[in-house]
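Read off the chains here:
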Amino acid sequence: MRVLIVDDESLARQRVRRLLQTEADVDVVGEAESGHEAVALIRELQPDLVCLDVQMPGLDGFGVLRELDGGHVPMVLFITAYDEHAQRAFDVHAVDYVLKPVDEDRFRAAFGKARKHRANAVAAERLGELLETVRRLADGGAAMADARGDVGASGNGQAIGAGGNSAGANVAATNGRYASRILVKQDGRMFFVKTSEIDWIEADRNYVRLHVGKTSHTIRERISHLEETLDPRLFARIHRSTIVNLNRVREMQQWFSGDYVVILEDGTRLRLSRHYRDRVEKQVGV
């Protein structure tokens, strides 16, 4: 982790540097003794973490963050002599704050939070790259399917039956093809839903709910079987009860305990559990 130390007091900077020297995999990339110098070094060095004094002449710690608005903003561990700054520190999403004089145990606990935040951020970045890779694979697969004319049934695309029919899965398993349509029985009629039009799929015991735009269709099918029949280049299971169309994913946000929130193009928010994040990575060979 690359760390910048910012404090107008030389002794305070030395104290923080000594504590960091005993931490593994830490590179102190520089020191600044004023807010303006800190802004310049952050822009130049792009550190992962800044140990930032709150009260400094000219430009205080909060002023430094305001100056960085719109640019690279690293994680921040505030160093302050006054406890009343704690709430403001959390308001600007600081990792933690440590009171002066800096206590070793308190500093190490705060730095441990920074390590955890960094690990989660790296995981989120990796997952974002993974989803982008899957998107590209999906786009390429869809283009190839269009070129072959893979639509409909009778050998030109497979359909899953609404009553738990496994014919689509059997064909997919033998010739590498996946379902392009799902049969839905609703209100005395039967019709097909194209898998490419499905936004996400929700499990409900022995049923699944297909979310297609503003409508939804319920069919009798286990989500585990449905997952096997869908093209993994287009769909990913992100939770034990959720499958998502990767082309509908707009962004991801870090949540709690290693989980993430997946946000779809229409604003729908779905939970991506840590367990299924690992499975998706294996699924595409990352």
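Residues numbered from 1 in each chain as written. Predicted model: local features only at pLDDT ≥ 70, side-chain atom pairs only at ≥ 80, totals over all residues. Heavy atoms only, no water.

Engineer: Could you give an account of the overall build of the protein chain, naming the residues involved and the relevant values?
Structural biologist: When its secondary structure is counted, the protein chain shows eight helices and 16 strands. Within the protein chain, contacts between residues separated by at least 24 positions form 51% of all contacts whose residues are at least 6 apart in sequence. (Helix = DSSP H or I, 4+ residues; strand = E, 2+ residues; numbered from the N terminus. Contact = heavy atoms within 4.5 Å.)

Engineer: Summarise the side chain of R237; cite the residues concerned and give the values.
Structural biologist: Its place among the elements puts R237 in strand β12 (residues 235-239). At 3.1 Å, the side chain of R237 and the side chain of E227 are in polar contact. (Polar contact = N/O pair within 3.5 Å; in protein donor to acceptor, adjacent residues only side chain to side chain.)

Engineer: Hey, could you go over the sheet that holds strand β15 (residues 260-264) for me, with residue numbers and the actual values?
Structural biologist: If you walk across this open sheet you meet the three strands as β14-β15-β16, and the pairing is antiparallel. Two strands bound the open sheet, and with one partner strand each, they are β14 (249-254) and β16 (269-272). Ignoring strand direction, the axes of neighbouring strands in this sheet form an average angle of 30°. As defined by bridge partners, β14 adjoins β15 across five bridges and the pair is classed as antiparallel. Counted as the bridge partner of V249 is L264 from β15. (Pairing = 2+ DSSP bridges. Axes fitted to C-alpha atoms, helices over the stretch in contact; angles between N-to-C directions.)

Engineer: Describe the nonpolar core, with residues and values.
Structural biologist: By size, the foremost hydrophobic cluster in this structure holds 21 residues, and its most contacted members are L4, V6, L52, V64 and F78. Secondary structure elements with two or more residues in this core: β1 (2-6), α2 (35-45), β3 (49-53), α3 (61-67) and β4 (75-80). Examining the composition of this core, we find that five residues originate from one element, α2, more than from any other. Among the nonpolar cores identified, the runner-up in size contains 19 residues, and M75, I79, V102 and A114 belong to it. (Core = buried A, V, L, I, M, F, W, Y, C linked by side-chain atoms within 4.5 Å. Buried < 20%, exposed > 50% of the residue type's maximum accessible area, 1.4 Å probe, protein only.)

Engineer: Describe in detail the sheet that holds strand β5 (residues 96-99), supporting the description with residues and values.
Structural biologist: With respect to topology, five strands assemble into an open sheet ordered β2-β1-β3-β4-β5, the strand pairing being parallel. The open sheet has two edge strands, β2 (27-32) and β5, and neither has a second partner. Within this sheet the neighbouring strands show an average axis-to-axis angle of 20°, counted without direction. Pairing of β3 with β4, which is carried by five bridges, proceeds in the parallel orientation. Directly across from C51, in β4, lies its bridge partner L77.

Engineer: An account of the pattern of salt bridges is needed here, citing residue identities and associated values.
Structural biologist: Think of it this way: side chains of opposite charge can pair up when their charged atoms draw near. A complete count under the given rule lists 18 salt bridges for this structure. Here E31 makes a salt bridge to R17, at a shortest N to O gap of 2.6 Å. You can see E31 sitting in strand β2 and its partner R17 sitting in helix α1 (residues 10-21), a full 14 residues away along the chain. Across the pair R108 and E23 runs a salt bridge, and its minimum N-O distance is 2.9 Å. With R108 in helix α5 (residues 104-148) and E23 in the loop between α1 and β2, this residue pair connects regions lying 85 residues apart in the sequence. R108 gets classed as partly exposed once you look at its relative accessible area, which sits at 24%. Taken together, the shared-partner salt bridges in this structure form one network comprising D7, E9, D53 and K100. (Salt bridge = Lys/Arg side-chain N within 4 Å of Asp/Glu carboxyl O.)

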